[in-house]
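Chain residues, written in single-letter form:
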Amino acid sequence: MINFHGLEFELKDGAMLLLKTFDSRLTPYPQFYSSYRFAEVQVAGENHDVHGGAKQFMSSEGMRLKYVTHRMEENRLEIVQRSELVEVTSVFEAYEDTNALRIYNRVKNIAKEEICLESVNSFSCYGFGKDGINSANDLYFYKFTNSWHCECQPRVYSFFELGMFNGNNSRSMKRISGFNTGSWSSKEELPQAIIEDRAAEKFFMFEIESNASWYYEIGENFGELYLYLGGPNEQFNQWSKKLSPNEEFESVKVAICHGKTLNETIGEMTKYRRHIVRGWRANETLPSIFNEYMHLAWGEPSETQTAAIAPSVRELGIEYYVIDVAWHDEEDDTYPYVGKWKDSQRRFPSGVKKTVDFIHSLGMKAGLWLEVESLGIKCREMIEYYGKEGIFWRNGKPLAVMNRHFLDFRNPKVRDYIESVFDRLVGEYGVDYIKIDYNQCAGPGTEINSDSLGDGLMGHANAFIDFLNHIMEKYPDLVIENCGSGGMRMDYRMLSVLPIQSTSDQVDYRRYPYIAGNILSAVLPEQAAVWSYPVSDIYNEEGYKKIAEVTSDELVAFNMINALLGRIHLASHVEYLTPEKRELIKQGIEYYNALTPYKKKALPYLPLGFTDFNKDIVASGFRSEKKVFLAVWNLKNAKTVSIPLREIQVKKIKVGYPLSLQTKWEYSDGVLRIEFKDAFSARFFEIEEA
């Protein structure tokens, strides 16, 4: 028997089986024990001896593995098992202040000849529901749907609604599944999910740490419900990997945690995420950021525009000023030509460095935008330089999407040239901030130097992480933002390396609360970049100045509150605003700065649960040091908004922001009630806990 931080293993007939995951229940019948495998490996040509349709469970080697040895320390367990073909080392890592575990498998070819892996899981477990499949009506699945402008939108369904029910007392072909194929890891779904057992009043959460393809499934086997977590596989992601004798492969890492409530469970994952992220010296104080893109330059920056806007931005107390998109190349449509990363003489006739120096002279740090994995299809100079092996190829042709090729960071020419770009921008120009964008998906991968398309993609994805780590070590004072058309590559493989995550490209401030209200379940508050654009051009096309004249105080406050729970990315023509409205922004930035020490220790607090785009009211916040910081948005025209403050004992409540606008509220019987005069109004509260 092995007990490790909520996992209980037992040796049965030479096989090590996982009989308990946290407080799960498994059937006591010995004839089913052989199914309870936690490591799965399918080898090409080997029998997948199960009547399971598309399911990945009960793989060829998973069912043959026999226990060899294990080594356990306080917070680390390694279990070694072997079949005739592979040796699998399953690694389990625990952390001091959370029940979350990080898990992955290392697979070694111990055969005398080459083998080909078709799937390798990271972790599997059984035991959901008091009565297994017969609990389908009490079990609920939170699927984190994700899309452009609609990031982090969990949808909740019962297992029964998703097709899981007892129809034959044996085994169903049905899976509850999710996967991503391609270089946008979260283009349709975040690599995380939650299982709720309402009868037992408990929650189980997992995440898959992959910046490319990944896969999970929930299925039923002889009445028991299991969970399978892993990276890419052959069937769903076009991945296979050949191993020579003694060669090893390591699966993607996954994490699991549990709790009695939704907030507690997300909180456990939040604490875990803080363990796996690297420290960022330049990001320690969570500095405020202004970015020219949204409702201002729209990707067409210029030397004169920055010179006109930056002084006004500095007056607001902003610390970083970022020039976004086309500071490079001379063409109007830059993407077909992107790749050289040289200054645009047309947009910056004095050179980009002069503008960077100007931003520095104002007392702000300077930032630029890059899309380093892309290469324009008309950038002939760089296409010739990189050659065939520097670019993704498929079916004998270079891959092209939206006028871009895809660079392969396994190639030394690619790494060397892009590093030289960083050397010039950071080392010579003095750039302090780089926004790394990624505006297209490469699909299943590349056939160049690969055993499969998915193998090529995984190799590139791993190499890109290594490159980013190298750059961060070389330039420790550099801040790098992870962006993929907003949140299309929002995963904790990337976020374990980079300090800031773009949460969305959403252009309508009235819709952003639906994203900001959920995002802390997916991204640490100290990493979650949220736009704030108090001067919006979505209402009037007659000019920014007129829009600014009709911009209300409530609109300004609403935009600031959108970003207070995460990392503020101020934008838009704030220089057009009246002194009174600019003062409201300045106060918001000062309040944002005051939240920093709380935010770095904060755990999410969702008093209404997750929100969605149909909701009239959104309430979201975080708890830290006996305080709750809560944003409340009125998105329709409710005159009184009621927020039940569950799970906390209230000692004192006050308005945190905006102080200069009237706010009527009361608290009684565990409910915070706020009066709003108009739709699209918001308030930010500080709640002291008893």
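Residues numbered from 1 in each chain as written. Predicted model: local features only at pLDDT ≥ 70, side-chain atom pairs only at ≥ 80, totals over all residues. Heavy atoms only, no water.

Of all hydrophobic cores here, the largest spans 132 residues; its most connected members are Ile418, Phe422, Trp633 and Phe684. If you tally residues by element for this core, the top one is helix H11 (residues 553-564), at eight residues. Beyond its immediate stretch of four places on either side in the chain, Phe684 contacts Ile561, Leu564, Leu565, Tyr591, Leu595, Phe629, Leu630, Ala631, Val655, Gly656 and Tyr657. (Core = buried A, V, L, I, M, F, W, Y, C linked by side-chain atoms within 4.5 Å. Buried < 20%, exposed > 50% of the residue type's maximum accessible area, 1.4 Å probe, protein only. Helix = DSSP H or I, 4+ residues; strand = E, 2+ residues; numbered from the N terminus. Contact = heavy atoms within 4.5 Å.)

Attention shifts here to the sheet that holds strand S30 (residues 528-532). Across a sheet, paired strands are connected by hydrogen bonds in the backbone, their directions being either parallel or antiparallel. An order of S20-S21-S22-S27-S28-S29-S30-S31 is seen for the eight strands of this closed barrel, with the pairing classed as parallel. Averaged over all neighbouring strand pairs, the angle between strand axes comes to 30°, with direction disregarded. Taken together, the two bridges between strand S29 (residues 500-502) and S30 define a ladder with parallel strand orientation. For Ser502, the partnering residue across the bridge sits in S30 and is Ala529. (Pairing = 2+ DSSP bridges. Axes fitted to C-alpha atoms, helices over the stretch in contact; angles between N-to-C directions.)

Attention shifts here to the packing of aromatic side chains. Each aromatic ring pair is summarised here by two numbers: the centre-to-centre distance and the angle between the ring planes. In the structure shown here, the tally under the stated rule is 41 aromatic pairs. Between Phe128 and Phe204, the aromatic rings sit 5.2 Å apart at their centres with planes inclined by 85°, giving edge-to-face as the arrangement. Here Phe204 lies in strand S14 (residues 202-209) and Phe128 lies in the loop between strand S9 (115-126) and strand S10 (139-145), a separation of 76 residues in the sequence. Accessibility expressed as a relative area gives 9% for Phe128, which makes it buried. Accessibility expressed as a relative area gives 7% for Phe204, which makes it buried. For the ring pair Phe179 and Phe236, a centre distance of 5.5 Å and an interplane angle of 45° mean the geometry is tilted. (Phe/Tyr/Trp six-rings, centres within 6.5 Å; stacked < 30°, edge-to-face > 60°.)

Attention now goes to the sheet that holds strand S33 (residues 617-624). Taken in spatial order, the five strands of this open sheet run S32-S33-S34-S39-S36, and their pairing is antiparallel. Each edge of the open sheet is held by one strand with a lone partner, namely strand S32 (603-605) and strand S36 (650-657). Taken pair by pair, the neighbouring strands of this sheet meet at an average axis angle of 25°, ignoring direction. Judged from the eight bridges that link them, strand S34 (residues 627-634) and strand S39 (residues 681-689) form a sheet pairing that is antiparallel. The residue of S39 that forms the bridge with Asn634 is Ser681. The strands touched by H11 within the sheet are S34, S36 and S39, with S39 carrying the most contacts at an inclination of about 50°. Those strands touched by helix H12 (residues 579-599) are S33, S34, S36 and S39, and its axis lies near 140° from that of S36.

A few words on unusual backbone geometry. For the bond from Tyr657 to Pro658, the omega torsion is 0°, close enough to zero to count as cis. With respect to the secondary-structure elements, Pro658 resides in the loop between S36 and strand S37 (664-668). Its identity is not glycine, yet His5 carries a phi of approximately 45°, on the positive side. In this structure, Lys626 is a non-glycine residue whose phi angle is positive, near 65°. Tracing the chain through its elements places Lys626 in the loop between S33 and S34.

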